[in-house]
Amino acid sequence: MTEVDALSRGWSARAPHVLRAERLDLTQWRDGHHDGSLALGGVAWGLPRADVDVDADSGGLAALDTPLLGPTQPWVDAWLTRGGALRSGRSGSVQWRTDGHWAFGQLNLPEAQGSLEQAAYRAYRDVFAALEDCGCPQLLRLWNYLPRINADGGGLERYRQFNIGRQQAFMDAQRDPFDGAPAACALGTAGATPGGLSVRFLAGRLAPKPVENPRQVSAYRYSRAYGPRAPTFSRAALADAGGGQLALLVSGTASIVGEHSVHHGDVVAQTQETLRNLQAVIDSAHRGCSARYRLADLHPTVYVRHAADAVVVGQVLAQAEPSWRDAPCVQADICRADLLVEIEAHAFAPGALA
């Protein structure tokens with residue numbers, strides 16, 4: 001059952017469908033300081049979900065109650081549009097908002113009975129239903145959060161269970177879980193829906209252009225050493241954001257070379273390797289478009305496994321890129337137990353797809 005309502009604010013239906021992203025503090029979000037744009041949705045960090053009515057539309061706000069590290073204050077990564085009237089709806093467990101060209105959706109799904117594999121399958125089944133209902137069938141970017149990501153789930157690590165359910169849902173929906181996979185991340189967070197799964201997504205009407213990292217095996221081609229089903233994501237995605245801008249959406253990136261984790265136990269070396277991988281992704285993106293990005297252009301979110309490592313990670317990042325001195329930092333478990341840091345990011349630049 002799908003419920004839909006209109007949220008018209010006077011924009012012409014012929015207005016350009018331009019996608020934007022902006023980092024806002026919670027007051028700016030609540031006051032609607034969107035520079036004339038409409039809010040498709042936003043991922044709120046450091047805001048308890050109890051402060052958001054998840055059974056109502058809640059303005060597209062998807063809260064994550066996770067520990068913030070260092071000087072990081074609560075913030076919202078807001079996804080905005082100048083595309084006319086908004087519609088909101090619900091498809092199964094998914095709440096979504098769309099302007100007809102872009103969509104943002106979210107779900108919080110308790111595991112209840114059964115395995116995380118089954119919960120992941122149900123979640124993605126609902127995501128694919130939502131994409132059809134909102135008229136934006138192409139996934140651009142996904143954020144997945146689950147507690148105890150590295151824990152044993154009855155003979156198989158929970159992250160590996162999640163990968164089985166996610167990939168099967170892609171295949172059953174006749175969507176490519178390999179070369180056409182969207183950008184994504186998957187993190188373990190203590191506060192995000194205890195005992196359950198949280199998924200957020202950005203979608204559009206046109207398919208993005210996947211970007212891979214030549215220093216790494218594509219995640220969807222990992223060997224069975226990393227589970228019976230490979231993760232379903234590309235290293236990044238390029239999307240035409242309208243108005244002559246291209247969005248670069250960078251997946252969670254960590255200290256992996258080939259398909260193996262490197263620099264075990266050394267958070268400094270892992271952070272440096274992560275930066276090399278981010279630069280490799282940027283260089284690879286340049287081969288698929290006329291836009292040009294720099295590390296300084298990226299808006300990162302930094303995930304650190306151990307809170308005590310946050311200071312040194314911040315120092316390494318600031319030394320490599322001074323504009324990242326105050327990059328927002330969150331405590332989270334990384335998808336592999338031997339990884340200590342992960343960085344996801346996004347950026348916009350003028351250009352076109354090749």
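It should be noted that the structure appears before, not after, this text.
Residues numbered from 1 in each chain as written. Predicted model: local features only at pLDDT ≥ 70, side-chain atom pairs only at ≥ 80, totals over all residues. Heavy atoms only, no water.

Novice: Is there a simple way to think about the overall build of the chain in this case?
Specialist: Each helix and strand in the chain was counted, giving five helices and 19 strands. Rg of the C-alpha trace for the chain: 19 Å, near the compact-globule value of 20 Å for 354 residues, within the 12% margin. Looking at the chain residue by residue over its 354 residues, the buried ones come to 57%. A fraction of 78% describes how many contacts in the chain between residues 6 or more apart in sequence connect residues 24 or more apart. Summed over its atoms, the accessible surface of the chain is roughly 13600 Å², and 50% of this surface lies on carbon and sulfur atoms. Taking the average location of the 33 positive side-chain charges in the chain and that of its 37 negative ones, the two points are 4 Å from each other. (Helix = DSSP H or I, 4+ residues; strand = E, 2+ residues; numbered from the N terminus. Rg over C-alpha atoms; globule rule 2.2 N^0.38 Å. Buried < 20%, exposed > 50% of the residue type's maximum accessible area, 1.4 Å probe, protein only. Contact = heavy atoms within 4.5 Å. Areas by Shrake-Rupley, 256 points an atom, 1.4 Å probe, with all protein chains shown as cover. Lys, Arg positive; Asp, Glu negative; His and termini not counted. Charge placed at Lys NZ, Arg CZ, Asp CG, Glu CD.)

Novice: Is there a simple way to think about the packing of helix α2 (residues 116-134) against helix α3 (residues 158-172) in this case?
Specialist: Two quantities define a packed helix pair, namely the angle between the axes and the distance from one axis to the other. Where α2 meets α3, the closest approach of the two axes is 7 Å, and the angle between their N-to-C directions is 35 degrees. Seen from above, α2 lies across α3 with right-handed handedness. Only Arg158, Gln161, Phe162, Ile164, Gly165, Arg166, Gln168, Ala169, Phe170 and Asp172 of α3 make contact with α2, whose side of the interface consists of Leu116, Glu117, Ala120, Tyr121, Tyr124, Arg125 and Phe128. (Axes fitted to C-alpha atoms, helices over the stretch in contact; angles between N-to-C directions. Left-handed = near helix turned anticlockwise from the far one by under 90°.)

Novice: Quick question: what am I supposed to make of the side chain of Ser218 here?
Specialist: Mapped onto the elements, Ser218 comes out in the loop between β12 (209-211) and β13 (236-242). For Ser218, a relative accessible area of 15% puts it in the buried group. Sequence-distant contacts of Ser218, that is, excluding residues within four places in its chain, are made with Glu212 and Arg235.

Novice: Where do I start with the sheet that holds strand β5 (residues 75-81) in this structure?
Specialist: To summarise the sheet geometry, strands pair through backbone hydrogen bonds and adopt either a parallel or an antiparallel arrangement. Reading across the sheet, the four strands line up as β2-β5-β3-β4 and stay open at both edges, with mixed pairing between neighbours. Where the open sheet ends on each side, the last strands, each with one partner, are β2 (19-24) and β4 (61-64). Taking the axes of each pair of neighbouring strands and ignoring which way they run, one obtains an average angle of 15 degrees across the sheet. (Pairing = 2+ DSSP bridges.)

Novice: Quick question: what am I supposed to make of the sheet that holds strand β14 (residues 245-253) here?
Specialist: The sheet built from six strands is open, its strands ordered β12-β13-β14-β19-β17-β18 with mixed pairing. The outermost strands of the open sheet, each flanked by one partner alone, are β12 and β18 (329-331). The mean inter-strand angle of the sheet, taken between neighbouring strand axes irrespective of direction, is 20 degrees. Where strand β17 (residues 299-304) meets strand β19 (residues 341-350), six bridges bridge the pair, whose relative direction is antiparallel. Bridging across to β19, Val302 finds its partner in Ile343. Packed onto the sheet, helix α4 (residues 267-286) meets β12, β13, β14 and β19 and runs at close to 150 degrees relative to β14. Packed on one face of the sheet, helix α5 (residues 310-320) meets β17, β18 and β19 and runs near 150 degrees to β17.

Novice: What's the story with the pairing of strand β7 (residues 94-98) in this structure? I'm lost.
Specialist: Every regular strand shows the same layout, with side chains that alternate between the two sheet faces. Buried residues dominate β7, accounting for five of its five residues. Residues Val94, Trp96 and Thr98 line one face of β7 and the alternating positions Gln95 and Arg97 line the opposite face, and both faces are buried. The pairing of strand β6 (residues 86-91) with β7 spans five bridges and is classified as antiparallel. For Gly89, the partnering residue across the bridge sits in β7 and is Trp96. Pairing of β7 with strand β8 (residues 102-110) involves four bridges; the strand directions are antiparallel. Its bridge partner lying in β8, Arg97 is registered against Phe104.

Novice: I'm lost on the packing of α4 against α5 in this one. Help?
Specialist: In contact at an axis separation of 9 Å, α4 and α5 are set at 40 degrees when each is read in the N-to-C sense. At the point where α4 passes α5, the crossing takes the right-handed sense. Contact with α4, carried on its side by Val267, Val268, Thr271, Gln272 and Leu275, involves Val312, Val313, Val316, Leu317 and Ala320 of α5 and no other residues of that element. Class assignment of the residues belonging to the contact of α4 with α5 gives a composition of eight nonpolar, two polar and no charged. (Nonpolar A, V, L, I, M, F, W, Y, C, P; charged D, E, K, R; others polar.)

Novice: How should I be thinking about the environment of Gly105 in this particular structure?
Specialist: The residue Gly105 is located in strand β8 in this model. Placed 43 residues apart in sequence, Gly105 and Ala62 show a C-alpha to C-alpha distance of 8.5 Å. Beyond its immediate sequence surroundings of up to four residues, Gly105 is in contact with Val94, Gln95, Trp96, Val199, Arg200 and Phe201.

Novice: I tried to follow α2 on my own but got confused; where do I start?
Specialist: An α-helix turns once per 3.6 residues; consequently, residues spaced three or four apart project the same way. The terminal C-alpha atoms of α2, which comprises 19 residues, lie 27 Å apart, in line with the 27 Å expected from a rise of 1.5 Å per residue. Where α2 is buried, its residues touch β6, β7, β8, β9 (138-145), α3 and β11 (196-204). Directly beyond the C-terminal end of α2, a positive phi value near 80 degrees is found at Gly135. (Expected span 1.5 Å × (residues − 1).)

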